[in-house]
Amino acid sequence: MMSALSGTRVLDATQVMAGPFCAMMLADLGADVIKIEPPAGDSTRQMPDGVDGDTPAFNAVNRGKRSVRLNLKSPEGRAVFERLSRSTDILIENYRPGVMNALGLGYTDLSSANPRLIYASISGYGQTGPERHKGGFDLIAQGVSGIMSITGEPGHAPVKAGVPITDLGAGLFALVGILAALESRHRTDAGQHIDTSLVDAGVALSVWEATEYFSGRGVPEAMGSAHRMNAPYQAIRCADGFITIGAANERLFHRLCDVLEHPDWKDAPEFADNAARVKHRALLAQRIEAITAHQARAHWLALFEHHEIPCGPINDYAQVFADPQVIARDMVVEVEHPTLGYLRTLGSPIKMSGTPPNVKRRAPLLGEHTDEVLTETGYSRHEIDELRRTGAII
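Overview of the structure. On a predicted model such as this, the values are computed, not experimentally measured, just so you know. (Residues numbered from 1 in each chain as written. Predicted model: local features only at pLDDT ≥ 70, side-chain atom pairs only at ≥ 80, totals over all residues. Heavy atoms only, no water.)

With that settled, consider the sheet that holds strand β9 (residues 311-313). Ordered by their spatial adjacency, 3 strands build an open sheet running β7-β8-β9, and the pairing between neighbours is antiparallel. Unpaired on one side and paired on the other, β7 (233-238) and β9 mark the two borders of the sheet. With direction set aside, neighbouring strand axes in the sheet form an average angle of 30 degrees. Here 6 bridges tie β7 to strand β8 (residues 241-246), and the two strands are oriented antiparallel to one another. Among the inter-strand pairings, Ile 236 is bridged to a residue of β8, identified as Ile 243. Contacts between helix α12 (residues 281-292) and the sheet are confined to β7 and β8, with β7 contributing the most and set at about 35 degrees to the helix. (Pairing = 2+ DSSP bridges. Helix = DSSP H or I, 4+ residues; strand = E, 2+ residues; numbered from the N terminus. Axes fitted to C-alpha atoms, helices over the stretch in contact; angles between N-to-C directions. Contact = heavy atoms within 4.5 Å.)

A few words on the sheet that holds strand β4 (residues 90-93). In space, the 6 strands of this open sheet follow the order β3-β2-β1-β4-β5-β6, with parallel pairing throughout. For this open sheet the edge positions go to β3 (65-69) and β6 (193-197), each flanked by a neighbour on one side alone. Taking each pair of neighbouring strands and ignoring which way they run, the sheet shows an average axis angle of 20 degrees. Sheet analysis places β4 next to strand β5 (residues 118-123), joined by 4 bridges and oriented parallel. By the bridge assignment, Leu 91 is partnered in β5 with Tyr 119.

Under the definition given, this model contains 0 disulfides. In this model Cys 238 remains outside any disulfide bridge; the closest cysteine sulfur is found in Cys 311, 9.5 Å from its own. Cys 238 sits in the buried class, given a relative accessible area of 3%. (Disulfide = S-S within 2.5 Å. Buried < 20%, exposed > 50% of the residue type's maximum accessible area, 1.4 Å probe, protein only.)

This part is about the pairing of β8. Taken together, β7 and the strand that follows it, β8, pair antiparallel across an intervening segment of 2 residues. Where β8 meets β9, 3 bridges bridge the pair, whose relative direction is antiparallel. The residue of β9 that forms the bridge with Thr 244 is Gly 312.

Take the nonpolar core next. By size, the foremost hydrophobic cluster in this structure holds 31 residues, and its most contacted members are Leu 26, Ile 90, Ile 92, Ile 122 and Ile 178. Elements represented by at least two residues in this core include exactly α1 (18-28), β4, β5, α7 (165-188) and α8 (198-204). With 8 residues, the top contributor of residues to this core is α1. Sequence-distant contacts of Leu 26, that is, excluding residues within four places in its chain, are made with Leu 5, Val 10, Ala 31, Val 33, Ile 90, Ile 92, Leu 175, Ile 178 and Leu 179. (Core = buried A, V, L, I, M, F, W, Y, C linked by side-chain atoms within 4.5 Å.)

Residues Ala 231 and Pro 232 are joined by a peptide bond in cis, for which omega reads 0 degrees. Among the secondary structure elements, Pro 232 is positioned in the loop between α9 (207-214) and β7. Of note, Val 16 is a non-glycine position whose phi angle comes to about 75 degrees, a positive value. Counting through the fold element by element, Val 16 comes out in the loop between β1 (9-13) and α1. Backbone geometry at Asp 49 places phi at a positive 70 degrees, although glycine is not the residue there. Take Asp 49: its relative accessible area is 65%, and that puts it in the exposed class.

Structure follows, in structure tokens:
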């Protein structure tokens, strides 16, 4: 079956998370992604549980790619990269701003020989601005972008989101820009430079928080699991733990009142409409929990679901990956790896009827495809041997 991006070539000059995640999604969609690795390999190859430079962490964001081991510190290595870029549709890099320009491999350098090149830069702070020179780390970006200030329980120490949300967000925003640039290129035959950052991603994802601040309601603070614009919409205590509940409109709230045998809440001034409930969300949660704390989670989940009140369990990851819905959606896949054996990994959340993503191709061994890719690019056997002799390739 034809893939959505069949015939599209990508140079992935990225490491760790944001860039590799972006490039992996292009690989899932059928692009030929060539991962350019330094002599020591992507740093995730040194993460725990590795075998001969292969780790589950590396495989998590590099499946479906081909690996070329290239030394960009050498003139010969840079020349190889430049030559590869001439036949490339998309290039993704996540070096600090200025590094690729200093190597002679920036967008202006490479697009002069390949005007159709789509060149995506992912960094910590972006290619412009007074802090563009700083490195990109998810923890730091979560703090700078405000996410840590509103995560966790009120009055407690700042907490980062449990997943690397600015890394993943930057990768997703870069992907959107790349796909939009591909569509634009169909009309104009011209590539362009895409610039996104971890801090930009964190700020862009702060939709409700920005709305609260811009509307003059003050500086947003941590609220635990509660919602800024709706109530009740949060984790609720039961006799044996917590569940989530989302009675986020009048119809659902009135239904909840009836199920909890408190129809009087519908007309109480503090709960009369959503604005009032948001203002008194702590009191509302207290009254709900005074009832739910007397029965187990299973009781309330069954009762709320029967009455079509949005609710759900709070799963740990063992429960997530045993969930029939998650399994039915192919969000867990198994691949065979030559050094790590059988690996379970995440499936693609993108479901397409005509050109579905292929997520069952393993990540490459370090430098596994160096000779193959260079041969495709027109290098002779003698030239490849000479590049290896000089240390341009390993």
